[in-house]
Amino acid sequence: MSAWNYSGDNINIVYVAGAVVAISVLAVVVKKTRKREPVQYPRDTVMVHQFGKGSRGPSISPFVIKLETYLRMANIQYKPVYDRQMSTKGKIPWIEYNEDKIADSQLSIEYLNTKFDINLNSNLDSMELAIGRAFSKMAEENLYWYLVLQRSTYDKHNTIFREVGLNSFIIKILRWKASKASYYHGIGRHTETETTSIMEKDVKAISDFLGRKKFFMGDAPSEVDCVMFGQLSQFVWQMPGSQGEKCITEKYKNIEEYCVRMRDLYWPDWEECTLKKKKDSAST
Ligand SMILES: N[C@@H](CCC(=O)N[C@@H](CS)C(=O)NCC(=O)O)C(=O)O
């Protein structure tokens, strides 16, 4: 049978699929070429561009939580902007401060440290700074990928994506992007059992180092707490039913206690910053 010998039904499916692809491509092109009206933001306020709120936390992005926790810790006036506009580097979060635009959570923090003369690490010596950096990089460049794979691939229901209202088409794109990105990172070439074991080793190292300390480096909070809270709070509250959540809440309870401590201190409005709160208040 020739490949062109379609039945009527098959031809319809091909037309519909073709139309969906064409419309999607067109939508992307229109979005990219459309000139956005310049938005007037309040002066002297840091605007944090990001996706929308999370269903169980203020954001499902650990990097947004990191950046906003820093802004709270440093007492800098800021506002979240839920415009889903990506940075010039194609990622969120990014910030706008008066005329300046900075992509990347870490580069934003470094810019703000200079702009506002902030040093949250003033109590740390060079050895402690080195340890903080090593743990930050482990959390953001290794542990983070378990979160990406868990939400996009291991969780067959894509719970977190669905809860924030993403439709099946967008979820398919996210799954595809995650699988491609994690493959090129390298971690996506492992089996789920292997990545889970890697995640557990990272979490154990974090738990062992944290011990009974109040904050990651001791009695006082520092910048590394923003990074660790950004990542770990996702595992504790925003990866329901995952091995990552179980690992922390059942085995490494000092991490869960640490997250609660950080949330109570810097995010007394945590619940109000979630989608759930918006829905609840809309229904009352
Ligand atoms: N190094 C970046 C990482 C930010 C990042 O990976 N953001 C994710 C969301 S959690 C993103 O924008 N992903 C979209 C993409 O990679 O296409 C930072 O610290 O801001």
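Above this note sits the structure.
A short tour of the structure in this document, coming up.

Thresholds, definitions, all that
Position numbers for residues count from 1 along each chain, tracking the sequence in the order it is written. Selection of residues for local features in this predicted model requires a pLDDT of at least 70, selection of side-chain atom pairs for listing and counting requires 80 or more, and totals for whole chains, interfaces and linings are taken over all residues. Here the side-chain values reflect all heavy atoms present in the structure, with hydrogen atoms and water set aside. A run of H or I in DSSP counts as a helix once it spans at least four residues, and a run of E counts as a strand once it spans at least two, with each numbered from the N terminus. The contact criterion used throughout is that any non-hydrogen atoms of two residues lie within 4.5 Å. Pairs of N or O atoms are called polar contacts if they sit within 3.5 Å, as long as, within protein, a hydrogen donor faces a hydrogen acceptor (for residues adjacent in sequence, only side-chain-to-side-chain pairs). Each residue after the first adds 1.5 Å to the expected span of a helix. Three exposure classes are used, based on accessible area relative to the maximum for each residue type with a 1.4 Å probe and protein chains only: buried under 20%, partly exposed in between, and exposed over 50%. Between any two strands, at least two bridges found by DSSP are needed for them to pair. Think of each axis as a best-fit line through the C-alpha atoms, taken over the contacting stretch in the case of a helix, with angles from 0 to 180 degrees between the N-to-C directions. Each Phe, Tyr or Trp ring (for Trp, its six-membered ring) is paired with any other whose centre lies within 6.5 Å, and the angle between the two planes then decides the class: stacked below 30 degrees, edge-to-face above 60, tilted in between.

### With respect to the environment of glutamate 223
For step 1, the next point in the chain: The topology assignment puts glutamate 223 in helix H8 (residues 223-237).
For step 2, the next point in the chain: Between the C-alpha atom of glutamate 223 and that of tyrosine 70, which follows or precedes it by 153 residues, the distance is 7.0 Å.
For step 3, the next point in the chain: Sequence-distant contacts of glutamate 223, defined by excluding residues within four places in its chain, comprise Tyr70, Gln106, Ile109, Asn113, Leu120 and Asn121.
For step 4, the next point in the chain: A distance of 2.9 Å separates the side chain of glutamate 223 from the side chain of asparagine 113, its partner in a polar contact.

### Some details on helix H2 (residues 62-73)
For step 1, the next point in the chain: The end-to-end C-alpha separation of H2 is 16 Å, in line with the 16 Å expected for 12 residues at 1.5 Å each.
For step 2, the next point in the chain: Summarising burial for H2: 12 of the 12 residues are buried, a large majority.
For step 3, the next point in the chain: By the burial criterion, the buried members of H2 are Pro62, Phe63, Val64, Ile65, Lys66, Leu67, Glu68, Thr69, Tyr70, Leu71, Arg72 and Met73.
For step 4, the next point in the chain: Positive phi shows up at asparagine 75, right after H2, with a value of about 60°.

### Structural notes on the sheet that holds strand S4 (residues 100-103)
For step 1, the next point in the chain: Spatial strand order, S2-S1-S3-S4: 4 strands in an open sheet with mixed pairing. Sheet topology places strand S2 (78-81) and S4 at the edges, where each strand pairs with a single neighbour. The average angle at which neighbouring strand axes cross in this sheet is 20°, direction not considered.
For step 2, the next point in the chain: Taken together, the 4 bridges between strand S1 (residues 46-49) and strand S3 (residues 94-97) define a ladder with antiparallel strand orientation. Bridge pairing in S3 links valine 46 to tyrosine 97.
For step 3, the next point in the chain: The strands touched by H2 are S1, S2 and S3; relative to S2, the strand with the most contacts, the crossing angle is about 160°.

### Considering the packing of aromatic side chains
For step 1, the next point in the chain: All chains considered together, the criterion is met by 13 aromatic pairs.
For step 2, the next point in the chain: Ring geometry for phenylalanine 63 versus tyrosine 144: centroids 5.0 Å apart, planes at 70°, classification edge-to-face. Separated by 81 residues along the polypeptide, phenylalanine 63 in helix H2 and tyrosine 144 in helix H4 (residues 126-154) bring together distant segments of the chain. In terms of burial, phenylalanine 63 and tyrosine 144 fall into one category: buried.
For step 3, the next point in the chain: Measuring from ring centre to ring centre gives 5.7 Å for tyrosine 144 and tryptophan 145, while their planes differ by 70°; the resulting arrangement is edge-to-face.
For step 4, the next point in the chain: Classification of tryptophan 145 by relative accessible area gives buried; the value is 13%.
For step 5, the next point in the chain: Ring pairs connect the aromatic residues Phe229, Trp237, Trp267 and Trp270, which therefore count as one cluster.

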